[in-house]
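Architecture at a glance
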Amino acid sequence: MVKITRRKFIKSATYAGMTGLVAGKALASPLVLTKSKTSKSTEEGELIFKPYYVQKGEGPHLLDWAYASDENWDAFLSNITASKQGAKISDTRGVDKFGIDVRWNVEGFGYIYITADNGGKYYQLPPKGKVEELNLNFELAKSRVLRNRRRLNHLSSGNWQPSKEVEAIKELSESYYADAVKVEHNKQKCAKLAQKALLYAMRAGEMMELDKARNTIRLNGYRPDFHIGCDSRSFFQMDPELFMERFTDIFDYATITHYLKSSYYQDFEPSRGNTNYQLRDAVFKELRQNDITVEGRPLFYFYRTVTPDWLRNMSYDQLLKYVEEHTREVVGHYGDGMYAWEVVNEAHDWANELQLKPEQFVEITKLACDVAKATNPKVHRLINNCCPFAEYVQLNKWGKLDAKYPQRTPHQFMQALVDAGVDFTITGQQMYFPYRDLQDTILLIERYEEFGRPVQLTEVGASSGPTKKSINSGRLEMPTEPYIWHRPWDEELQADWVEGLYTLAYSKQWIEAINWYDFVDPYSWIKTGGLLRSPEGEKKAAYQRLMNLQESWKNLK
């Protein structure tokens, strides 16, 4: 297998299959955090989740990589492995109760990540020396069917009741699950019935979330303060006047990127103190003249490709001084014109080229927020997180570097900031198509409500599938694996995902914005992930769908 980076993981997961995640010796070794030559063994008995391949297609049906998550749905490093023979785990590094997250092919729905959590009761390892085998098909179905029961009870606690269609699909999943329970002793027959139960449970889960969300939107009405935005770099990738026309038709919010070192934009700070504002100021002026709310991003992002050597070579004390000076200068430059500043980007995972300790990341974030507030208290302070399901924790990597310290999920990082009294005002979470269904997606996002700040979906995107041009150029070829979600990606499916995600977000009063990345192909970070087909400005189905969606909301005034 070929080793994969977190960036490549997201980009491939948004369209093509993951064929190269590594779950070998590096992930099977204990994480050593001290100088001790030996670590206390936490290995117990082995729990095996055996798959039964009842699918009709050629597959693959089970990805040869998996990860474990705890009772809070936070990924953690374990020795879990996956192969055609199934998922196996015997060392959870002391985590008592857990679920497993596997990519499983549900024909009729998608080859997608699903969590098995024992129907919400979670798993425990058997005693040391013992082996316990479970039916993977049944465990996946049980976990999703029982979650749908709990979720439907939660969603129905107000004045909403599911539609007949939702009820019918849910009951179909329940019926197949009941049949699977009756023949649990017959593993193959149970697996076949469980696969049917899982298919309809996946469909019912998405349907109930969207049905509830649309009902909530009708009751709450139009939200004039909800922002729909996008990054603005396409200003330089197409005719500026055409850009502004297409952009302002569907967006009222824009971000301007300030990477110190950039492969696609003017470097913002190629050497310390030598800041380049000219191009960004020009975009900023045009956006503000068109009544677009603007956010600057990021003040600090310590990822390999955007970190210049002069920053990489700083001592920690020098870095703290730079954080203070840089924050004061950049925030002060734009004054009240910026609605918000993204203070740190991806500081929870492996954007750690400086090899900072977890507590140092918190200290830097706190310092930058304090200085930004002192410089201009009117400007919001946003924390941006990537990889919502934190699969990177199982990779145990900072980009190409081995992670020296335990990695946190985005939620754990945000909790650490809250515990430390960091004065941020907006919680940000990226949501590129996450290889998860829409129910998983909104459940993950809902975890951030507890922090009491408005939430932005800071970067979202999905592919519209291969085109003749992308195939001929080799940028995006025809798929060789089962489709990921509903059917192979095309422009209408991209539009379906847009409508689903934006509807769910709009229904949550505590979500204030959602930002698409990027605007125009072939420059989109996600391959064919733009809303325009080319710099000539041809609109994709998702562009029109987003426009129609906004019109429908405005009609609720």
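Right above here is the structure, for reference.
Quick caveat, the model's predicted, so the values are computed rather than measured. Think of each chain on its own: its residues are numbered from 1, step by step along the sequence as written. Per-residue local features of the predicted model are confined to residues with pLDDT of at least 70, and side-chain atom pairs are confined, for both listing and counting, to 80 or more; whole-chain, interface and lining totals are unaffected and use all residues. Just so you know, side-chain values use all the structure's heavy atoms and leave hydrogens and water out.

**A short note on the overall build of the chain**
Along the backbone of the chain there are 16 helices and 18 strands. Taking the principal axes of its C-alpha atoms as reference, the chain extends roughly 70 × 65 × 50 Å. Only protein chains enter the accessibility calculation, which uses a 1.4 Å probe. A residue is then buried if its area is under 20% of the maximum for its type, exposed if over 50%, and partly exposed in between. A total of 557 residues make up the chain; the buried ones form 60% of that total. Note on contacts: a residue pair qualifies if any of its non-hydrogen atoms lie within 4.5 Å across the two residues. Look at the contacts in the chain between residues 6 or more apart in sequence, and 77% of them connect residues 24 or more apart. Of the accessible surface of the chain, which amounts to about 22500 Å², a share of 49% is contributed by carbon and sulfur atoms. Positive charges are assigned to Lys and Arg, negative charges to Asp and Glu, while His and the chain termini are left out of the count. The location of each charge is read from NZ of Lys, CZ of Arg, CG of Asp or CD of Glu. For the chain, the separation between the mean place of its 73 positive charges and that of its 74 negative charges on side chains is 4 Å. Numbering of helices and strands starts at the N terminus; helices are DSSP runs of H or I of at least 4 residues and strands are runs of E of at least 2. Per-residue and other accessible areas follow the Shrake-Rupley method at a 1.4 Å probe size, with only the shown protein chains counted as cover for residues.

**Quick word on helix H16 (residues 541–554)**
One fewer than the residue count of a helix, multiplied by 1.5 Å, yields its expected span. Its 14 residues place the ends of H16 20 Å apart at the C-alpha level, agreeing with the 20 Å of an ideal helix rising 1.5 Å per residue. Of the residues making up H16, those classed as buried are Ala 541, Ala 542, Tyr 543, Arg 545, Leu 546, Met 547, Leu 549, Gln 550 and Trp 553. Contacts from the buried residues of H16 go to helix H5 (187–220), strand S9 (227–231), helix H6 (240–250) and helix H15 (491–506).

**Focus: the pattern of salt bridges**
Between Lys or Arg on one side and Asp or Glu on the other, a salt bridge is scored when a side-chain nitrogen of the former is within 4 Å of a carboxyl oxygen of the latter. In this structure the tally under the stated criterion is 36 salt bridges. The closest approach of N and O atoms between Arg 214 and Glu 499, which form a salt bridge, is 3.8 Å. Placement of the pair is Arg 214 in helix H5 and Glu 499 in helix H15, with a sequence separation of 285 residues. Using a relative accessible area of 34% as the deciding quantity, one classes Arg 214 as partly exposed. Overall, Glu 499 belongs to the partly exposed group, its relative accessible area being 22%. A salt bridge links Glu 446 to Lys 508, with the shortest nitrogen-to-oxygen separation between them at 2.9 Å. Linking Glu 446 in helix H13 (residues 438–446) with Lys 508 in the loop between H15 and strand S18 (511–516), this pair joins segments that are 62 residues apart in sequence. By relative accessible area, which is 18% here, Lys 508 ends up buried.

**Describing the sheet that holds strand S2 (residues 62–70)**
Pairing between strands is defined by DSSP: at least two bridges between them are needed. Overall, antiparallel pairing links the four strands, which are arranged S3-S2-S6-S7 in an open sheet. Strands at the two margins of the open sheet, each flanked by one partner only, are strand S3 (75–76) and strand S7 (110–116). Where S2 and S3 come together, two bridges link them in antiparallel fashion. Across the sheet, residue Ser 69 finds its bridge partner in S3, namely Ala 75. Contacts from H5 reach strand S6 (98–106) and S7, with the element oriented near 95° to S6. Fitted lines through C-alpha atoms serve as axes, helices being fitted only where they are in contact, and the angles separating the N-to-C directions of these axes extend from 0 to 180 degrees.

**Quick word on the environment of Val 183**
Tracing the sequence through the fold places Val 183 in the loop between helix H4 (164–182) and H5. Looking at Val 183, the relative accessible area reads 15%, which means it is buried. With 72 residues separating them along the chain, Val 183 and Tyr 111 place their C-alpha atoms 26 Å apart. The residues touching Val 183, leaving out its near neighbours within four places in the chain, are Lys 189, Cys 190 and Leu 193.

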